[in-house]
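Examining the three-dimensional arrangement
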Amino acid sequence: MKIVEAQRICNLPPYLFARIEKLIAAKKEAGVDVISLGIGDPDRPTPVHIIETLVREAYNPANHQYPSSVGMLTYRKAVAQWYQNRFGVELNPETEVVSLLGSKEGIAHISWCYLNPGDTVLVPDPGYPVYSGGAILAGAEPYYLPLKPENGYLIDFKSIPRDVAKRAKIIFVNYPNNPTGAVAGEAFYRELIDFAREYDILVCHDAAYSDVSFDGYKPPSFLQFPGAKEVGIEFHSVSKTYNMTGWRVGWAAGNARVVEALGRLKSNIDSGVFQAIQYAAAAGLTGPQDIVAEQNKVYQERRDILIEGLNSLGWNLEKPKATFYVWAPVPRGYTSDSFAELVLDKAGVVITPGTGYGQNGAGYFRMALTIDKERIKEALERIKNTIGTVTF
Ligand SMILES: *Cc1c(COP(=O)(O)O)cnc(C)c1O
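Source: prediction; values computed, not measured.

**Focus on the packing of helix H12 (residues 290-312) against helix H14 (residues 373-387)**
Packing of H12 against H14 brings their axes to within 10 Å, and their N-to-C directions diverge by 10 degrees. It follows from the interaxial angle that H12 and H14 lie roughly parallel. Residues Glu301, Arg302, Ile305, Leu306, Gly309 and Leu310 of H12 lie in contact with H14, whose contacting residues are Lys373, Ile376, Lys377 and Leu380. Counted by class, the contact of H12 with H14 contains 5 nonpolar, 1 polar and 4 charged residues.

**Quick notes on the packing of helix H2 (residues 18-29) against helix H13 (residues 336-347)**
It is the contact of H2 with H13, at a shortest axis distance of 10 Å, that shows an interaxial angle of 10 degrees. When the axes of H2 and H13 are compared, the pair comes out roughly parallel. Contacts between H2 and H13 involve Arg19, Ile20, Leu23, Ile24 and Lys27 from the former and Asp337, Ala340, Glu341, Leu344 and Asp345 from the latter. Broken down by class, the residue content of the contact of H2 with H13 amounts to 5 nonpolar, no polar and 5 charged.

**Re the pattern of salt bridges**
Inspection of every chain in the model, using the stated rule, returns 24 salt bridges. A salt bridge links Asp119 to Lys169; the shortest N-O distance between them is 3.4 Å. Here Asp119, found in the loop between helix H5 (103-114) and strand E3 (120-125), pairs with Lys169, found in strand E5 (residues 168-174); they are 50 residues apart in sequence, far enough to count as distant. Of the charged contacts in the structure, one is a salt bridge between Arg162 and Glu198, with a shortest N-O distance of 3.6 Å. Highlighted residues: Arg162 in helix H7 (residues 162-167) and Glu198 in helix H8 (residues 186-199), separated in sequence by 36 residues. In this structure Glu198 comes out as exposed when scored by relative accessible area, which is 52%. In this structure, a network of salt bridges that share partners links the residues Asp215, Arg303, Asp304, Glu308 and Lys319.

**Structural notes on the sheet that holds strand E12 (residues 364-368)**
Here 3 strands make up an open sheet; going across it, the order is E9-E12-E11 and the pairing antiparallel. Single-partner strands in this sheet number two, and they are strand E9 (325-329) and strand E11 (352-353).

**Quick word on the environment of Phe339**
Among the secondary structure elements, Phe339 is positioned in helix H13. Between the C-alpha atoms of Phe339 and Thr352, which are 13 residues apart in sequence, the distance is 9.7 Å. Not counting residues within four places of it along the chain, the set of residues in contact with Phe339 comprises Trp315, Val330, Pro331, Tyr334, Ile351, Phe365 and Ile387.

**Regarding the domain arrangement of the protein chain**
Splitting the protein chain by domain gives domain 1 (7-45 + 290-387) and domain 2 (64-286). Placing the centre of domain 1 and that of domain 2 at their C-alpha centroids yields a distance of 25 Å. With 31 residues of domain 1 in contact, the opposing surface of domain 2 contributes 32 residues. Across the interface of domain 1 and domain 2, roughly 2700 Å² is buried in total on both sides, 59% from carbon and sulfur atoms. By the criterion of area lost to domain 2, the three top residues of domain 1 are Lys321, Thr323 and Tyr357, representing 22% of everything that side buries. There are 1 salt bridge connecting domain 1 and domain 2. Between Arg303 and Asp215 there is a salt bridge whose closest N-O contact spans 3.0 Å. Remark: the boundary between domain 1 and domain 2 carries 17 residue pairs in polar contact (both at pLDDT 80 or more). Elements supplying a minimum of two residues to the side of domain 1 that touches domain 2: H12, E9 and E12. For the side of domain 1 that touches domain 2, the residue count by class is 14 nonpolar, 11 polar and 6 charged.

**Observations concerning the environment of Gly38**
Its location among the elements puts Gly38 in the loop between strand E1 (35-36) and helix H3 (48-58). If sequence neighbours within four positions are ignored, Gly38 has contacts with Val350, Thr352 and Arg366.

**Some thoughts on H12**
An ideal rise of 1.5 Å per residue puts 33 Å on 23 residues; H12 measures up with 33 Å between its terminal C-alpha atoms. For H12, every residue scored as buried is listed here: Val292, Gln295, Asn296, Tyr299, Arg302, Arg303, Asp304, Ile305, Leu306, Ile307, Gly309 and Leu310. Turning to H12, the residues buried within the fold contact E9, E12 and H14. Where H12 ends, the next residue or the one after it, Gly314, has phi of about 125 degrees, a positive value.

**Quick word on the site of the ligand**
Every one of the 14 residues lining the ligand counts as a neighbour, but Asp206, Tyr209, Ser239, Lys240 and Arg248 are closest to it. Here Asn178 contributes a side-chain N or O atom positioned 2.9 Å from an oxygen atom of the ligand. For the shell around the ligand, the per-class residue count stands at 4 nonpolar, 6 polar and 4 charged.

**Things to note about the pairing of strand E2 (residues 97-100)**
In E2, alternate side chains face the same way, and those of Val97 and Ser99 on one face and Val98 and Leu100 on the other are all buried. Relative to strand E8 (residues 250-254), E2 runs antiparallel, the two being bridged by 4 bridges. Each residue of the ladder has a partner; that of Val98, found in E8, is Ala252.

So, how was this worked out
Residues numbered from 1 in each chain as written. Predicted model: local features only at pLDDT ≥ 70, side-chain atom pairs only at ≥ 80, totals over all residues. Heavy atoms only, no water. Axes fitted to C-alpha atoms, helices over the stretch in contact; angles between N-to-C directions. Helix = DSSP H or I, 4+ residues; strand = E, 2+ residues; numbered from the N terminus. Parallel < 35°, antiparallel > 145°, perpendicular 65-115°, else oblique. Contact = heavy atoms within 4.5 Å. Nonpolar A, V, L, I, M, F, W, Y, C, P; charged D, E, K, R; others polar. Salt bridge = Lys/Arg side-chain N within 4 Å of Asp/Glu carboxyl O. Buried < 20%, exposed > 50% of the residue type's maximum accessible area, 1.4 Å probe, protein only. Pairing = 2+ DSSP bridges. Domains from an automatic or database assignment. Buried area = accessible area lost by both parts, 1.4 Å probe. Polar contact = N/O pair within 3.5 Å; in protein donor to acceptor, adjacent residues only side chain to side chain. Expected span 1.5 Å × (residues − 1). Near = heavy atom within 4 Å.

Here it is as C-alpha cells:
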C-alpha cells in the first residue's frame, strides 16, 4: 500500500529545532549536565487551591461525562469575572467566551473559521509558530510582518502594503510578545483597531503573557480598548499565569459572532475540557491573585541575574517588562544556529535560535527564565568560560 500525505501536511514548515534536539540528546547521552534555557514552560507548581479543586471535582461522577464543547457556564463566568477584575472589561459569559483545550488549540482552529484557501493572513515574525501553522493547514498564505528592534518589536502598520492589507482576512497579534518580550500600550492598540476597521481584518490577539510582568507594570488586554470587540477576539489561558501548561485549558473572548463560529467548529472536532479541570481553572481565575505577584518576583529576580550577567559579558540588553523570555542578538561572527550550537556543544547550555520563530529571528536567540536562579548563574558562568566577552 502506498501512503501519501495530504498537501496541507506537506506544506507545514519543517521542524526547526530538530537538529538542536539531536545535539541535546547526544550531550545527555555523553553524561553532560545540560542546562536548558530553551523551553518556555513554567517550572513552578500549580497553586495548591487549584489542585485541590481538581481533586474534589474529579470525585464527582457528574464531571465524568462529556462536557459542553464551548465550556461550562460556571467556567465562562469565571473568565468573564476575571476580565472584569483584571481589566475592567465587560463580557457576556454566554455569548462572548468559549473554552479551549489551551489557547494553542483555538489559535490553530480560528483559521479554519475565517480563511479560505489562498486567503492572506498577517503573521508577526518572529512569532509563535502556531499562527502560521494553523493558517497553512487551512490553505491560507501567511504574509509576515517583521517585528524590528527599532520599533520596539511592535507591528509597523504603515509598512504593510495597501494591497496586502486589502486582501488580508486575519491579523495575529501577541503582546506581551513571545519571543521578544516586547509590550504594547494604548497607542498601539488604537492603531491596530483602526487598521482592522479600515481593511475589515479580524484581530486575533494572543494575551498568554498578560500576567507575567515586572517592575509593577500591568500589561493591558486588547479587549479593553474602544472598538476591540467589533473587530476581534483575544486568546488566553491559565497556562502561564497559574503554571498550568499541562492542564490544557484556555479560552477565546470578545466578538460574539467569532466566538460562536469557533465554538461551532469545535463542537465538530472536540468535546470540550474535562469539567473538573474547568472548575480548577475557575478556582485559579476567581481565587487569590497574590500568588501571581509572588511568582512574578521570582521571574524578575531570574531576569535581573540573566540580563546583568549577559551585559557583563558585552551584551547591551534592556530588561523586558513582561514574559519570561530574554531575546538577544548573537555575537559578531555567528548565526542563530551556529551560536546555539556552540553554546550547547561547549557550555552544555540550551538556547533557542531566533530562526525558530521566523526569518526575522535570524541573528537572535531566546532564553527562558523558567529554571532556578542558581542554574541560570551556572549557565552564565559556563557561557563566560566558553566565549569570554563578546562584540557585535
Ligand atoms: C504558551 C503560549 C500560548 C499558550 O499556550 P496554551 O497552553 O495552549 O494556552 C499561546 N501563545 C503564546 C505566544 C505562548 O507562548
